[in-house]
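Remarks on the overall topology
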Amino acid sequence: MKEKINKTNVARLLDKAGIAYRLVPYEVDENDLSATHVAEQLGENVEQVFKTLVLHGDKNGYLVCVIPGADEVDLKKAAKVSGNKKCEMIPVKELLPLTGYIRGGCSPIGMKKRFLTYIHQTAAAFDFIFVSAGQRGLQIQIAPGDLIQAANAIPADLVADIR
C-alpha cells in the first residue's frame, strides 16, 4: 500500500498554477540537512538536487539563490546579478520569520513574500531537478523551466568555482 503524502503549500501553489511535479519523500537526518544527504536518500545525482539559500544584499534587500546541492554560492556573483555591491547569507534564526520555512525545508516557491529569485544556470541542462517541497523530508521533482516559471526565477551563474 502506498503511503499518503500530505500536500504542502508548495504543492498547492503548483497545482493552482497547473504546473506538473512529483512529491518525493526521503529520510531526514537532523544531524545532516545537506543536499548531498538528500541526494543520497533519493538515489539521485547531487547536481540535480538544488538547495534554496536566502541572502541579503546591501542595496536591494533580500534575494533567493537556488543552486546545486554540492556547490557553494559565490557571494560576489550573487551580488553582481542582483545589483548589489555585496551580499551575505542571512542568519538561520531569520529564515523562519522571513520566509515561513525552516532550514532544510526552504523552498523557492511559496515564501511569505516574493523575493528576487535566481537559479543556477546548470538547472536547464536537466530534464528535472529536485527542490524542497517546503518541509524537511519532502522534495519536489520538477522540470527546471516549470520551477523558473513558478518561482519567477532568473537563470544566472551563482556558484563558486572551486573545482
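Use the structure listed above.
Keep in mind that this is a model prediction, so the values were computed, not measured. (Residues numbered from 1 in each chain as written. Predicted model: local features only at pLDDT ≥ 70, side-chain atom pairs only at ≥ 80, totals over all residues. Heavy atoms only, no water.)

1. Notes on the overall build of the protein
The helix and strand inventory of the protein stands at 5 helices and 8 strands. Principal axes of the C-alpha set define a box for the protein whose edges measure 55 × 35 × 30 Å. A separation of at least 24 residues holds for 60% of the contacts in the protein among residues at least 6 apart in sequence. Across the protein, the centroid of the 20 positively charged side chains sits 9 Å from that of the 19 negatively charged ones. (Helix = DSSP H or I, 4+ residues; strand = E, 2+ residues; numbered from the N terminus. Contact = heavy atoms within 4.5 Å. Lys, Arg positive; Asp, Glu negative; His and termini not counted. Charge placed at Lys NZ, Arg CZ, Asp CG, Glu CD.)

2. A look at the pattern of salt bridges
The tally for this structure, following the rule as stated, stands at 4 salt bridges. Across the pair Asp-15 and Lys-7 runs a salt bridge whose closest N-O atoms are separated by 2.6 Å. Of the residues examined, Asp-15 reaches a relative accessible area of 37% and is grouped as partly exposed. Classification of Lys-7 by relative accessible area gives partly exposed; the value is 41%. Between Lys-77 and Asp-157 there is a salt bridge; the shortest N-O distance is 3.2 Å. Placement of the pair is Lys-77 in helix α3 (residues 75-81) and Asp-157 in the segment after β8 (153-156), with a sequence separation of 80 residues. Note on Lys-77: relative accessible area 18%, which makes it buried. (Salt bridge = Lys/Arg side-chain N within 4 Å of Asp/Glu carboxyl O. Buried < 20%, exposed > 50% of the residue type's maximum accessible area, 1.4 Å probe, protein only.)

3. Regarding helix α2 (residues 35-42)
What α2 keeps buried is the set Ala-35, His-37, Val-38, Ala-39 and Leu-42. Looking at the buried positions of α2, the neighbouring elements they touch are β1 (22-25), β2 (50-57), β6 (129-135) and β7 (138-142). In the stretch just after α2, Gly-43 is the one whose phi turns positive, near 70 degrees.

4. Let's talk about the nonpolar core
Nonpolar side chains tend to gather and get buried jointly when the protein is soluble and globular. In this structure, Leu-14, Val-54, Ile-119, Ile-129, Ile-140 and Leu-147 are the most contacted members of the largest nonpolar core, which totals 30 residues. Of all the secondary structure elements, the ones that give two or more residues to this core are α1 (9-17), β2, β3 (61-68), α4 (92-99), β6, β7 and α5 (144-151). Non-local contacts of Leu-14, meaning those with residues more than four positions away in its chain, are made with Ile-19, Tyr-21, Ile-109, Ile-140, Ile-142 and Ala-150. If you look at the next biggest cluster of nonpolar residues, it comprises 13 residues, including Leu-55, Cys-87, Ala-156 and Val-159. (Core = buried A, V, L, I, M, F, W, Y, C linked by side-chain atoms within 4.5 Å.)

5. Considerations on the environment of Val-66
With respect to the helices, strands and loops of the structure, Val-66 is situated in strand β3. Remark: the alpha-carbon pair of Val-66 and Ala-153, spanning 87 residues in sequence, is separated by 8.8 Å. Excluding residues within four positions of it along the chain, Val-66 makes contact with Phe-50, Lys-51, Thr-52, Pro-108, Thr-117, Tyr-118, Ile-119, His-120, Val-131 and Leu-158.

6. Quick word on the sheet that holds β2
Strands sit in the order β4-β2-β3-β5-β8 across an open sheet of 5 strands; the sheet is mixed. Because the sheet does not close on itself, it has two edges, and the strands there are β4 (87-89) and β8. The sheet shows a mean angle of 35 degrees between the axes of neighbouring strands, taken without regard to direction. Here β2 runs beside β4; their pairing, made up of 3 bridges, is antiparallel. Each residue of the ladder has a partner; that of His-56, found in β4, is Glu-88. (Pairing = 2+ DSSP bridges. Axes fitted to C-alpha atoms, helices over the stretch in contact; angles between N-to-C directions.)

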